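Architecture and fold: a report
Listed below, chain by chain, are the residues.
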Amino acid sequence: MTTPIIMVLLMIAPLLLMNIASRITHQPYNVYPPAAVGLVLLFSFTSIGHFRQTELMAQMLPAWVPQRTLIVYLTGALELAIAAGFLLPPARRLTGWVAAAMLVILLPANIYAAFNHVPMGAHASGPRYLLVRAPLQLFMFVWVYWFTIRTPPTALSAAP
C-alpha cells in the first residue's frame, strides 16, 4: 500500500516545496508550473511499472483483451509522453485532457485487478483496495483538471 502514498507525494511535493520557498522568501509564485511538475513526476513514476512489471500489469487486463503485453508497453509509453507534455506549457492543457481520459479509461483495469486479486501491488488484497485506489484515481483526475485543463481564475478577466 506504499505505492499510492508515493504517487500522492510525487504529485504534490513540487507544489508544497514551492509554497514553503515562497513563505521563506516572501515571493509570490504561480501554482500551475509546480503542480505540472508534480504530474511529470507522477506519470514518469507510473510509467516505470509498465516496463519493469509488464507481465503483472498484463494480468490486470481480462484474458479476452488481445495483445495485453503490447497494451501495457503502449500505455507506459503514453504515460511518458504525458509526462513530457506537462513539461511544455503550450501543450499542458491538451496533455491534461489526454491524462484525464487515460485515468478514466484505465480505472476498469484497476477494478478488474482488485476483484480478481491480481498480484500487482495492493490489487492482491482484493476489492477493499478499491477503497484506496478509486479515491486516489479521483484525486489524480481532479489535480489534472484543476491545474491543467480548467481556465485559471486570472485568465477569466472581463472582456473590454
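One can find the structure itself at the top, above this paragraph.
Residues numbered from 1 in each chain as written. Predicted model: local features only at pLDDT ≥ 70, side-chain atom pairs only at ≥ 80, totals over all residues. Heavy atoms only, no water.

Some details on unusual backbone geometry
For His-26, which is not a glycine, the phi torsion comes out positive at approximately 60 degrees. For His-26, a relative accessible area of 68% corresponds to the exposed category. In the Ramachandran plot, His-117 falls in the positive-phi region, its phi being about 50 degrees despite a non-glycine side chain. Structurally, His-117 is set in the loop between helix H5 (92-115) and helix H6 (130-149). (Buried < 20%, exposed > 50% of the residue type's maximum accessible area, 1.4 Å probe, protein only. Helix = DSSP H or I, 4+ residues; strand = E, 2+ residues; numbered from the N terminus.)

Re the layout of surface pockets
Here the largest pocket defines a volume of roughly 860 Å³. His-50, Met-57, Met-60, Asn-110 and Arg-133 are the residues nearest the centre of the largest pocket, which is lined by 38 residues in total. Those elements that place two or more of their residues in the lining of the largest pocket are helix H1 (2-25), helix H2 (32-52), helix H4 (68-87), H5 and H6. A per-element tally of the lining of the largest pocket places H5 first, with 10 residues. (1 Å grid on protein atoms, 1.4 Å probe; cavity = no way out; pocket = protein on both sides within 12 Å on 5 of 7 lines; lining within 4 Å. Points joined across faces, edges and corners; volume = space filled by probe spheres on them.)

Looking at the packing of aromatic side chains
Scanning all chains against the criterion turns up five aromatic pairs. Their ring planes at 65 degrees and their centres at 5.8 Å tell us that Tyr-32 and Phe-147 sit as a pair that is edge-to-face. Here Phe-147 lies in helix H6 and Tyr-32 lies in helix H2, a separation of 115 residues in the sequence. Among the residues examined, Tyr-32 registers a relative accessible area of 16% and is labelled buried. For the ring pair Phe-43 and Phe-86, a centre distance of 6.0 Å and an interplane angle of 50 degrees mean the geometry is tilted. Taken together, the residues span a long stretch of sequence, with Phe-43 in helix H2 and Phe-86 in helix H4 at a distance of 43 residues. Assessed through its relative accessible area of 3%, Phe-43 is described here as buried. (Phe/Tyr/Trp six-rings, centres within 6.5 Å; stacked < 30°, edge-to-face > 60°.)

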